[in-house]
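So the chains spell out like this:
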Amino acid sequence: MDAIFLAISAVTLGSAVLAVSLRNLVHCALALALSFAGLAALYLKLNAQFVGLAQVLIYIGAVAILIVFAILLTRGLNLPTVRRSDPGG
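A brief look at the structure comes next. Computed from a prediction, not measured in an experiment: that's the story for all the values here.

Remarks on the environment of Q55
And step 1. Within the secondary structure, Q55 is located in helix α3 (residues 49-74).
And step 2. Owing to a relative accessible area of 6%, Q55 belongs among the buried residues under this scheme.
And step 3. Spatially, the C-alpha atoms of Q55 and L39 are 7.8 Å apart, while their sequence positions differ by 16 residues.
And step 4. Leave out the neighbours within four places in its chain, and Q55 touches F36, L39, A40, Y43 and I60.

Structure below.
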């Protein structure tokens, strides 16, 4: 086995495990993007250039970034509520 292939596969598997085990959603999404990048690198290493570049464009460029933006945009929805005092009581 090639040492580069083993290193890329170790990074891919490690980031996939982190993506399902971390508690912070932003860190999970970034680990998922790293896992997608490792998978694209494996495709490129195996001379499947079209699939590797499609992986980069579709999954890293669109899906992972969409997940990160969705997480970051919906984090501020839990605003603290202000309690109004009853003027009659």
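Re a nonpolar patch on the surface
And step 1. A cluster of nonpolar side chains, namely L57, I58, Y59, V63 and I67, defines an oily patch on the protein surface of about 430 Å² accessible area.
And step 2. On the secondary structure map, Y59 appears in helix α3.

Here we look at α3
And step 1. End to end, α3 covers 36 Å across 26 residues, agreeing with the expected 38 Å (1.5 Å per residue, within 8%).
And step 2. Bending of α3 peaks at approximately 30° at the position of Y59.
And step 3. Regarding α3, the residues found buried are G52, Q55, A64, V68 and I71.
And step 4. Check the buried side of α3 and you find it contacts α2 (25-45).

Notes on the packing of aromatic side chains
And step 1. Scanning all chains against the criterion turns up one aromatic pair.
And step 2. Their ring planes at 50° and their centres at 5.2 Å tell us that F36 and Y59 sit as a pair that is tilted. Of the two residues, F36 is situated in helix α2 and Y59 in helix α3; the sequence distance between them amounts to 23 residues.
And step 3. For F36, a relative accessible area of 15% translates into the label buried.

What counts, and at which threshold
- Residues numbered from 1 in each chain as written.
- Predicted model: local features only at pLDDT ≥ 70, side-chain atom pairs only at ≥ 80, totals over all residues.
- Heavy atoms only, no water.
- Helix = DSSP H or I, 4+ residues; strand = E, 2+ residues; numbered from the N terminus.
- Buried < 20%, exposed > 50% of the residue type's maximum accessible area, 1.4 Å probe, protein only.
- Contact = heavy atoms within 4.5 Å.
- Patch = residues over 30% accessible without salt bridge, like charges linked within 9 Å, V, L, I, M, F, W, Y side chains within 5 Å.
- Areas by Shrake-Rupley, 256 points an atom, 1.4 Å probe, with all protein chains shown as cover.
- Salt bridge = Lys/Arg side-chain N within 4 Å of Asp/Glu carboxyl O.
- Expected span 1.5 Å × (residues − 1).
- Bend = angle between axes of the 7 residues up to and from the residue.
- Phe/Tyr/Trp six-rings, centres within 6.5 Å; stacked < 30°, edge-to-face > 60°.

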